[in-house]
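Residue-level structure breakdown
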Amino acid sequence: MNSRRRYAIVGTGGRSVMYFNAILEAYRDHAQLVGLCDISPTRMAWYSRLAVEHHHLSPVPRYIVGDFDNMVREQKPDVVIVTSMDSTHHEYIIRAMELGCDVISEKPMTIDAAKINAIFEAISRTGRKLRVAFNYRYAPVASALRELLARGEIGRILAVDFSWVLDTRHGADYFRRWHAQKDKSGGLLVHKATHHFDLVNWWIDSYPSTVFAMGDLKFYGRKAAEVRGEHYTYDRYTGHPEAQQDPFYFPVDGSSAEYAWATLKELYYDAEKDSGYIRDRNVFGDHVTIEDTMAVMVRYRNNVVMNYSLIAYCPWEGYRVAITGNRGRAELYVKHGSHIIAGQSDRELAAAQDQGLVEQLRVFPMFGTPYDVKIPQVEGAHGGGDTLILQNLFLPDPPPDPLCRAASHIDGAASLLVGISANESIRAGMPVQCDRLVRLPCV
Ligand SMILES: NC(=O)c1ccc[n+]([C@@H]2O[C@H](COP(=O)([O-])OP(=O)(O)OC[C@H]3O[C@@H](n4cnc5c(N)ncnc54)[C@H](O)[C@@H]3O)[C@@H](O)[C@H]2O)c1
């Protein structure tokens, strides 16, 4: 038992529940949780209570953010898991490495070029390791596509067409809280699309070189609503009975049976007093500074070109990817069950996905008969990706990974390079050369 690796978590919101449960349940023989750090004592106390009441363990030591260094010095974690707000990731990644820890960071690794460069500098100064938790790589459907491309099934890859749509339930949720502020999340081209751009880098085995993008706020936010003649009197949903007919109604105080899952109230509403974090802002409010409609063109170092689009207000959620090579084309269609990730239990999430998950991967050989690729089903969120990434993160001897799914800080940066270049391109109205923003180490 003493050889268990020691983990601390910084950022105790919705996502950290996956790591928390993995450490305390499935991987408890290999891992132990030695500390929690957040701006909110209420949220940390919720997790600590879970450890005591559900797992019959002692309370978990808790540290308010200014005490991060003390947590590391006193609890001596081997690894710090960073699941805080995106714009704060770099602070904890860098400081944890300076204090002698390795780091697992949630995506996005960070949100802009200066912070990427600071992380690179800290890694070369400290020699510590950083893993970026790109769970989508582990989804069997994404792995199957990588496998068939690597086998040369469609020949040399020439072009990618990638369209991701977010719906007005899960997609709208990005517009209710800090994700809606560009300085906190980098916008959806960083916060969300870092997953997608990572998948493309990995599928086609290359990194981006030139990016041109357009992006608008057309649906959410006050201005877009007012153009449609919609005027809202409430800045949040909770406590406003007049909002009950609003299709975006999302009370977090437990007053509505539909949104009565305990974490929503206990992790967010009850923690407003100590964190100031409002979880249910009106999606048509003034706080929205990100885009909801984005189109991006990318040229990669290996000369592949990509058309990508992300729309955040669709009636269904999922994606279509078509990759064309000189010997055929692979088309992937995935429809997600509609869900709101943070706050729902794994069981609720799995049930939602059961109702709606559709995955189809079809190969069209250039002069042959099209065929479907069978996708193995793995239980767990994000198409089974969460289950498999946890195995890889927490087992001392994880199963061999011929698909190279474990993502490094370079992968983390390479995926961000499209998003931050796209942000710059939207701002400047010009194509952007990626290596002017960040020079990736030679790999
Ligand atoms: N890989 C995935 O599929 C996936 C899914 C969901 C979230 N995420 C990522 O996980 C991270 C957390 O997302 P979430 O949904 O849990 O969000 P959340 O808002 O529920 O949690 C964020 C937590 O960070 C804390 N925080 C804010 N400022 C902080 C600071 N300065 N220092 C320390 N903590 C601070 C908040 O108090 C909150 O507890 C994000 O980076 C997000 O991109 C990844």
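See above for the structure.
This report concerns the structure included in the present document. (Residues numbered from 1 in each chain as written. Predicted model: local features only at pLDDT ≥ 70, side-chain atom pairs only at ≥ 80, totals over all residues. Heavy atoms only, no water.)

The buried count for strand β2 (residues 31-38) comes to 8 of 8 residues, which makes it a mostly enclosed element. Alignment of strand β1 (residues 5-10) against β2, held across 6 bridges, turns out to be parallel. Each bridged residue has a counterpart across the sheet, and for alanine 8 the counterpart in β2 is glycine 35. By the bridge criterion, 3 bridges tie β2 to strand β3 (residues 62-64) in an arrangement that is parallel. Along β3, the bridge assignment pairs leucine 36 with arginine 62. The β-α-β motif built from β2, the intervening helix α2 (residues 41-53) and the parallel element β3 has right-handed crossover chirality. (Buried < 20%, exposed > 50% of the residue type's maximum accessible area, 1.4 Å probe, protein only. Helix = DSSP H or I, 4+ residues; strand = E, 2+ residues; numbered from the N terminus. Pairing = 2+ DSSP bridges. Right-handed = clockwise from strand over helix to strand, strands pointing away.)

All right, on to the site of the ligand then. Neighbouring the ligand are 29 residues; Asp38, Asp86, Tyr92, Tyr268 and Tyr277 lie closest to it. At a separation of 2.9 Å, an oxygen atom of the ligand approaches a polar backbone atom of glycine 14. Notes on the ligand: free accessible area 840 Å², of which the protein chains cover 94%. Here the shell around the ligand is built from residues that sort into 10 nonpolar, 12 polar and 7 charged. Residues lining the shell around the ligand come from more than one domain, with at least three contributed by each of domain 1 (5-132) and domain 2 (136-220 + 288-381 + 408-436). (Near = heavy atom within 4 Å. Polar contact = N/O pair within 3.5 Å; in protein donor to acceptor, adjacent residues only side chain to side chain. Areas by Shrake-Rupley, 256 points an atom, 1.4 Å probe, with all protein chains shown as cover. Nonpolar A, V, L, I, M, F, W, Y, C, P; charged D, E, K, R; others polar. Domains from an automatic or database assignment.)

This part covers the pattern of salt bridges. As enumerated under the stated definition, the model contains 27 salt bridges in all. In this structure, the salt-bridge partner of arginine 125 is glutamate 121, at a minimum N-O distance of 2.9 Å. Residue arginine 125 and its partner glutamate 121 are both found in helix α5 (residues 113-126); the two are separated by 4 residues, about one turn of the helix. Classification of arginine 125 as partly exposed rests on a relative accessible area of 45%. Two residues, arginine 405 and aspartate 401, come together in a salt bridge whose shortest N-O distance is 3.1 Å. (Salt bridge = Lys/Arg side-chain N within 4 Å of Asp/Glu carboxyl O.)

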